[in-house]
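What follows is each chain in one-letter form.
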Amino acid sequence: IQLVGRASEHKDDDNLLATTKPGGPAQSSMVNATKPANNVKKNVSVKEEPKPNMNGRVGGPHLLDDTSYGGYHLSYEVKKLMPTNKAAVQQKSAKMEVGIADDQAKDFDFEKTEMKYDSTGMFHWTPARAIEDCILDRNQAAMTVLNGHVVVCLFADPDSPLIGLRNLVMPLRASNFHYHELKHVVIVGSVDYIRREWKTLQNLPKISVLNGSPLSRADLRAVNVNLCDMCVILSAKVPSNDDPTLADKEAILASLNIKAMTFDDTIGVLSQNNGASDSLSPLGSPIVLQRKGSVYGANVPMITELVNDSNVQFLDQDDDDDPDTELYLTQPFACGTAFAVSVLDSLMSTTYFNQNALTLIRSLITGGATPELELILAEGAGLRGGYSTPETLSNRDRCRVGQISLFEGPLASFGEGGKYIDLFVAALRNYGMLCIGLYRFRDTANAFDASSKRYVITNPPTDFNLLPSDQVFVFIHWRGRKTSSV
């Protein structure tokens, strides 16, 4: 930055610049006075009286109006790159003041502008937490009385290759869900391995880690696997080259182990002690359960990842499928209890020939994406927090997938012998919901030994008969969630 003028008329300025210390008021005023020079008239002497700048300091020659938005914005952009000496304060407080100069931080109310979403507004976000703050021991997990959560059973050695747990948890933190709708995720596995993945998980809320084994029934009972909404069984171990069929042995054993467990159903009727101060768990959650859990492990919602398709035959003891049956025709796959890696190969092939397929699947999983989010994830930067703006908040308004019961509610009339076409039209016309499939009991008869398993029927025929026990997969429009009682 250069100051050009007549030396005879501005001798006081030379003295001012000569006696000003580096970083003093003169430099501050020069930073604040950066603006295109065409606003200053040529050959016009300017009276250069010291006056306070926008930060209350007395500056040198002011050629521009400091109150202009352009000057203020440029000054802020420069100042937020300056170092700050609040490192010690940040460790003691939860306020987000990183990268903002000390004299600029007072212009923002950090309590009111707390970061709750990532910079794109697509996902819920929280300040980074140390993994030690999220680790539970068996007693703490049991005292928390988890309910309606997601249990991730993870088999991994400390040196196993990373599988990207963020890709599993991130869709569960999509911002088109309200914060109270987010399901708590409890990871059961080796802390040494999870610590390597933690950098990608530390900014996602509602995550806990239990250092244990997915094969330990004591650990599974501690996290209330019978009360979870879903149990996901994964393995990060490298399969042996000697016998590839043994690659899924631990995942299959964990699945069969849970199915063989029995649970005391009295845990589901615990209620809160009104007015008691000891009714809180170590994590602060009230000991209240909304529903009774499964008495038998076979009724626990579960999905197991398989490396080899042929191993699907070992997941269900009551499955009479031929071992040579293709994966997509087997009972575990139709019921959603098995997921094979080969499905991703099929998905890649489908996307190559029809690029809209990936858009549909993305909408099913996360409700969509933005170009900015795609760029951030492609570069490996990970999610970073951002202050809410009207633009980012509007990204929350996107559709989501839901399950609608035909047993009760506004659509219950279609469960009594109705046709799928009538349900499809009424749901779309009256509630803005797009039906995409049914979730039906495998055994529809009211027999004593009827199975509680359900299977998926995608895009049923128009004249398909509906049952009261059916559930419907639907796309719910964001406006419909605010106006509909479904």
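Okay, so let's go over this structure.

Reading guide: rules and limits
Residues numbered from 1 in each chain as written. Predicted model: local features only at pLDDT ≥ 70, side-chain atom pairs only at ≥ 80, totals over all residues. Heavy atoms only, no water. Salt bridge = Lys/Arg side-chain N within 4 Å of Asp/Glu carboxyl O. Helix = DSSP H or I, 4+ residues; strand = E, 2+ residues; numbered from the N terminus. Buried < 20%, exposed > 50% of the residue type's maximum accessible area, 1.4 Å probe, protein only. Core = buried A, V, L, I, M, F, W, Y, C linked by side-chain atoms within 4.5 Å. Contact = heavy atoms within 4.5 Å. Pairing = 2+ DSSP bridges. Phe/Tyr/Trp six-rings, centres within 6.5 Å; stacked < 30°, edge-to-face > 60°. Lys NZ or Arg CZ within 6 Å of the ring centre and 35° of its normal. Axes fitted to C-alpha atoms, helices over the stretch in contact; angles between N-to-C directions.

Now for the pattern of salt bridges. Taken as a whole and judged by the stated rule, the model has 10 salt bridges. The shortest N-O distance in the salt bridge between Asp219 and Arg138 comes to 2.9 Å. Linking Asp219 in helix 9 (residues 217-222) with Arg138 in helix 6 (residues 138-144), this pair joins segments that are 81 residues apart in sequence. Residue classification places Asp219 among the buried residues on the basis of a relative accessible area of 4%. Residue Lys183 pairs with Asp229 through a salt bridge whose shortest N-O separation is 2.6 Å. Taken together, the positions of Lys183 in the loop between helix 7 (166-169) and strand 4 (185-189) and Asp229 in the loop between helix 9 and strand 6 (230-235) put the pair 46 residues apart, joining distant regions of the chain. You can call Lys183 partly exposed: its relative accessible area is 36%.

The subject of this paragraph is the nonpolar core. Nonpolar side chains in soluble globular proteins generally cluster together in the buried interior. Ranked by size, the top nonpolar core spans 29 residues in total, and within it Leu154, Ile187, Ile194, Trp198 and Leu201 carry the most contacts. Of all elements in the fold, only strand 3 (150-155), strand 4, helix 8 (191-197), strand 5 (207-211) and strand 6 reach the threshold of two or more residues within this core. Excluding residues that lie within four positions of it along the chain, Leu154 makes contacts with Ile163, Leu165, Ile187, Val188, Gly189, Tyr193, Ile194, Pro214 and Leu234. Among the nonpolar cores identified, the runner-up in size contains 23 residues, and Cys153, Phe155, Val186 and Phe263 belong to it.

An order of 2-5-4-3-6-7-8 is seen for the 7 strands of this open sheet, with the pairing classed as parallel. Both outer strands of the open sheet, strand 2 (135-136) and strand 8 (338-340), are each paired with one neighbouring strand and no more. As paired elements, strand 3 and strand 6 share 6 bridges and run parallel to each other. The residue of strand 6 that forms the bridge with Leu154 is Leu234.

Moving on: the packing of aromatic side chains. On inspection of all chains with the given rule, the structure shows 3 aromatic pairs. Ring geometry for Tyr352 and Phe353: centres 5.1 Å apart, planes at 90°, overall edge-to-face. When sorted by exposure, Tyr352 lands in the same class as Phe353, which is exposed. Geometry around Phe441 places Arg454 over its ring, the cationic atom sitting 3.8 Å from the centre.

Turning to the side chain of Asn257, a few remarks are in order. Within the fold, Asn257 resides in helix 10 (residues 249-259). Judged by its relative accessible area of 15%, Asn257 is buried. Apart from residues lying up to four places away in sequence, Asn257 is in contact with Pro214, Leu215, Arg217 and Leu220.

With that out of the way, let us pick up the sheet that holds strand 12 (residues 454-458). Ordered in space as 10-13-11-12, the 4 strands form an open sheet in which the pairing is antiparallel. At either margin of the open sheet sits one strand with a lone partner, and together these are strand 10 (400-405) and strand 12. Between one strand and the next, the sheet's axes are offset by a mean angle of 30°, whatever the strand orientation. The sheet contact formed by strand 10 and strand 13 (residues 471-476) spans 6 bridges and is antiparallel. Residue Gly402 lies in a different strand from strand 13, and its bridge partner there is Val474. Of the strands in this sheet, strand 11 (433-441) and strand 13 touch helix 16 (residues 420-431), which is tilted by about 135° from strand 11.

Time to look at the pairing of strand 7 (residues 302-306). For a regular strand, the rule is simple: side chains alternate between the two faces of the sheet. Here strand 7 shows a clear split, with Met302, Thr304 and Leu306 buried on one side and none of Ile303 and Glu305 buried on the other. Strand direction decides the pairing type here: strand 6 and strand 7, joined by 3 bridges, are parallel. Considered in strand 7, the bridge of Val232 is made with Ile303. With 3 bridges joining them, strand 7 and strand 8 adopt parallel strand pairing.

By themselves these figures say nothing about function.
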